[in-house]
Amino acid sequence: MAWRCSGSTNAQLVENLWRNGLITDTRARAAFLKVDRAHYAPVQPYEDSPQSIGYHATISAPHMHAMAIENVISHLVPSEKNPAPRVLDVGSGSGYLTHLFAELVGPRGLVVGLEHLNPLRDLGQSNMQKSNEGKQLLDSGKVKFRLGDGRMGLHEPAISGEEDQGTGWNVIHVGASAKILHSALMQQLKAPGCMFIPLDDDDTGTEQSVWRISKDESGVVSKENLCAVRYVRLTDPPV
């Protein structure tokens, strides 16, 4: 799949993802076109493959970012019932997907990138500042980067004027493979809400699968195994 989707420009990369059915939603396509991956990937930004960004972290392949957005987009975009979606991006790394989320949550939404190391938190923020759109999102407070243990989630206050949204999350994306489905993340997932999370299939972490975890309006949880994946592992924060 990867060799089919690479391009020589951001537009070509997005077109190849679209043509091969990795992006199917026109709103997602528009967001990918707005966010230039060259601001986030250290080399060969339009190649459909993961890349190291240091500190044992990676920026995932674009087709994995597309899969994540396609699987959560119904909870990601504003609606009459939820005009101000809240998104937690655990293991935000380069900040690329954090920026994509921010392009989709609408003018009242909030996106928080959560990292366990200061240099990675700072990397995502500095990468977003490379574009005028990214700077505006940061300056508006619509995007924030925080330091913390991603396994515990995050209690982030609502944007001023959106206090009725509480501190939970309509969408939780986890960008590293977790040993278990951590209870704190499940508790913070709103009803309705959706989580995209890679989980270890065994104790060694050599086999992993990515799951779509959904809560309906009544809080009933459903789980769908999407496919086998290879992610870096969700690690302990430094002591």
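In what follows, the structure referred to is the one given above.
Attention in this report is confined to the structure presented alongside it. (Residues numbered from 1 in each chain as written. Predicted model: local features only at pLDDT ≥ 70, side-chain atom pairs only at ≥ 80, totals over all residues. Heavy atoms only, no water.)

Details of the state of the cysteines
This model, assessed by the stated rule, comprises zero disulfides. Note on Cys5: no disulfide assigned, nearest cysteine sulfur contributed by Cys227 at a separation of 14 Å. In this structure Cys194 is not part of a disulfide, and its nearest cysteine sulfur, from Cys227, lies 14 Å away. (Disulfide = S-S within 2.5 Å.)

Here's the deal with the environment of Gly168
Mapped onto the secondary structure, Gly168 falls in the loop between strand S5 (143–147) and strand S6 (169–174). A relative accessible area of 17% places Gly168 in the buried class. It is 20 Å that separates the C-alpha atoms of Gly168 and Trp211, two residues lying 43 residues apart in sequence. For Gly168, the residues in contact, after removing those within four places along its chain, are Arg86, Gln188 and Lys190. (Helix = DSSP H or I, 4+ residues; strand = E, 2+ residues; numbered from the N terminus. Buried < 20%, exposed > 50% of the residue type's maximum accessible area, 1.4 Å probe, protein only. Contact = heavy atoms within 4.5 Å.)

Some points on the pairing of strand S7 (residues 189–200)
Counting buried positions along S7 gives ten out of twelve residues, so the element sits mostly inside the fold. Pairing geometry for S6 and S7, over four bridges, is parallel. The residue of S7 that forms the bridge with Val171 is Cys194. A crossover connection joins S6 to the parallel S7 through helix H8 (residues 183–188); in handedness this β-α-β unit is right-handed. Taken together, the eight bridges between S7 and strand S8 (residues 208–215) define a ladder with antiparallel strand orientation. Paired with Phe196 across the strands is Arg212, a residue of S8. (Pairing = 2+ DSSP bridges. Right-handed = clockwise from strand over helix to strand, strands pointing away.)

Some remarks on the packing of helix H4 (residues 62–76) against helix H5 (residues 96–104)
In a pair of packed helices, the angle between the axes and the distance between the axes together describe the arrangement. Packing of H4 against H5 brings their axes to within 11 Å, and their N-to-C directions diverge by 30 degrees. One way to sum up the angle between H4 and H5 is to call them roughly parallel. Considering the relative orientation of H4 and H5, their crossing is right-handed. Touching His65, Ala68, Ile69, Val72, Ile73 and Leu76 of H4 are Tyr96, Leu97, Leu100, Phe101 and Leu104, all from H5. The residue inventory of the contact of H4 with H5, partitioned by class, reads ten nonpolar, one polar and no charged. (Axes fitted to C-alpha atoms, helices over the stretch in contact; angles between N-to-C directions. Parallel < 35°, antiparallel > 145°, perpendicular 65-115°, else oblique. Left-handed = near helix turned anticlockwise from the far one by under 90°. Nonpolar A, V, L, I, M, F, W, Y, C, P; charged D, E, K, R; others polar.)

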